[in-house]
Amino acid sequence: MHIVDINTSAAPFLAGAKWSFVTRRVCRSDIKLLNHDLGTAKTGDLVLAEVQGIGSHKRLQLHDGRFSILFAKDRVVLACGDRFAEDQFEGIAALSANGADLLAGGGVVGHMRARNGKVNRPTRLSVIGRLADSEGRVINLADAAFGSVQGPRPGRVIGVLGTGMNAGKTAAAAGLVNGFVRSGHKVAAIKATGTGSFGDVHHYEAAGAAKVLDFTDAGLASTYLQPVNRLEDATRTLMTAAADCDIAIVELADGVSQVETAELLRRPGYRGIFDAFVLAAPGALAARGALQWLSSEAQIAPIALSGLMTQAPLAVAEAEHLGLPVFSRETLADPATALCLSGMLADTKREGAA
């Protein structure tokens, strides 16, 4: 029986390729071959593709933190992955000889299953192959990730949750980072779940975080449809990597009822990683619903509210009736607020020890 070699040399195809954000930890010298077996692709596999039609994503986030406009016939290096985004696409980690979709501008490629009616169809790609080492083993983002470690964590950990996408979580997290930095603390900023993108990373860096980490550092292109045990392990690994910091601000993507986020928050062991939570919401009603869900489903009582609603004084006035302080990003960035939150954290620890 004649066996067709599924591998060819990768070098001629990689010349001039654009490397996306999610590939930033990959050791390029390990890449030797192109693997043409697309049917066995799994999340995290490194993929070389060519742009065939520009759709929703007109730019690619590059590995060095820059944007690059996409042109037809551009060759791009991405990672196969899933995506959950109510305002854009839902997609799965699957490749086909008939083509694939750019699911996220940070470099996630797969098959779109659904899209928000307000956005265009995804940028369409033809898959040249998966990138492999000299023995034909496909290279995965997990190969360059931090090793799974269950060690110490930063002195204090605050989680930032939201009612959904675009609730103002990242702005709140950046405000917290800046406030604690300005009050003299060494701060880590961590994005624990989501889809690979440098937007949050840039916000954290601009806020002054001493260490900025996200789930791609733990080998995940996306956390959607991933085993929850793996996600909990990734969070703990990232915490250990930031153990030399005084405090960690940890943002979880999407809303509290999103499948993976909800399952993580229901786990007592996962909740135990955190000293307190801040909830971001676009309005008082959304905040009320999320607070009720957190109380009944996860036994979580946030210490403060923030989010998009802080841009509207009337929304803030309404939210204050929920009985929690409401902080804008600017207020969170005030060292006096960091001092106030430190006191609340101390009170929480005393109550837990009582």
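Asker: Please explain the overall build of the protein as it appears in this structure.
Answerer: Along the protein, the regular secondary structure elements total 10 helices and 18 strands. Taking 2.2 N^0.38 as the reference for a compact globule, 354 residues should give roughly 20 Å; the C-alpha atoms of the protein span a radius of gyration of 21 Å, in line with that estimate. The dimensions of the protein, computed from C-alpha atoms along their principal axes, are 70 × 45 × 35 Å. Of all 354 residues assigned to the protein, the portion counted as buried reaches 55%. Intrachain contacts of the protein at a sequence separation of at least 6 include 74% that bridge at least 24 residues. With an accessible surface of roughly 14700 Å², the protein has 53% of that area assigned to carbon and sulfur atoms. Side chains of the protein carry 35 positive and 35 negative charges; the gap between the two charge centres is 3 Å.

Asker: I would appreciate a short explanation of the packing of helix α5 (residues 259-266) against helix α7 (residues 284-298) in the present structure.
Answerer: Two quantities define a packed helix pair, namely the angle between the axes and the distance from one axis to the other. Across the interface, α5 lies against α7 with an axial gap of 9 Å and an inter-helix angle of 50 degrees. With respect to their mutual orientation, α5 and α7 come out oblique. Like other packed secondary-structure pairs, α5 and α7 cross with a definite hand, here right-handed. Contact residues: α5 offers Ala262, Leu265 and Arg266, while α7 offers Trp293, Leu294, Glu297 and Ala298.

Asker: In this structure, what is going on with the side chain of Arg156? I would like to understand it.
Answerer: For Arg156, the location among the structural elements is in strand β13 (residues 156-162). The buried charged residue Arg156 lacks any salt bridge partner; its closest oppositely charged side chain belongs to Asp275, at an N-O distance of 6.4 Å. A polar side-chain atom of Arg156 sits 3.1 Å from a polar atom in the side chain of Ser342.

Asker: Could you clarify how one ought to interpret the packing of aromatic side chains in this entry?
Answerer: In this description, an aromatic ring pair is defined by two values, namely the gap between the centres and the angle between the planes. Following the criterion strictly, the structure yields 5 aromatic pairs and no others. Here a set of aromatic residues connected by ring pairs shows up, and it is made of Phe21, Phe67 and Phe198. Positioned over the ring face of Trp19 is Arg28, at 4.1 Å from the centre of the ring. Sitting over the ring of Phe67, Arg59 keeps its end group 3.6 Å from the ring centre.

Asker: Honestly, unusual backbone geometry in this entry has me stumped. Any pointers?
Answerer: A negative phi angle characterises most non-glycine residues, just as the trans form characterises most peptide bonds. Positioned with a positive phi, Asn166 is a non-glycine residue whose angle comes to about 60 degrees. Within the fold, Asn166 resides in the loop between β13 and α2 (169-182). For Asn166, a relative accessible area of 51% gives the class exposed. Even without a glycine there, the phi angle at Asp254 is positive, about 60 degrees. Residue placement: Asp254 occurs in the loop between β16 (247-251) and α5.

How each quantity is defined
Residues numbered from 1 in each chain as written. Predicted model: local features only at pLDDT ≥ 70, side-chain atom pairs only at ≥ 80, totals over all residues. Heavy atoms only, no water. Helix = DSSP H or I, 4+ residues; strand = E, 2+ residues; numbered from the N terminus. Rg over C-alpha atoms; globule rule 2.2 N^0.38 Å. Buried < 20%, exposed > 50% of the residue type's maximum accessible area, 1.4 Å probe, protein only. Contact = heavy atoms within 4.5 Å. Areas by Shrake-Rupley, 256 points an atom, 1.4 Å probe, with all protein chains shown as cover. Lys, Arg positive; Asp, Glu negative; His and termini not counted. Charge placed at Lys NZ, Arg CZ, Asp CG, Glu CD. Axes fitted to C-alpha atoms, helices over the stretch in contact; angles between N-to-C directions. Parallel < 35°, antiparallel > 145°, perpendicular 65-115°, else oblique. Left-handed = near helix turned anticlockwise from the far one by under 90°. Salt bridge = Lys/Arg side-chain N within 4 Å of Asp/Glu carboxyl O. Polar contact = N/O pair within 3.5 Å; in protein donor to acceptor, adjacent residues only side chain to side chain. Phe/Tyr/Trp six-rings, centres within 6.5 Å; stacked < 30°, edge-to-face > 60°. Lys NZ or Arg CZ within 6 Å of the ring centre and 35° of its normal.

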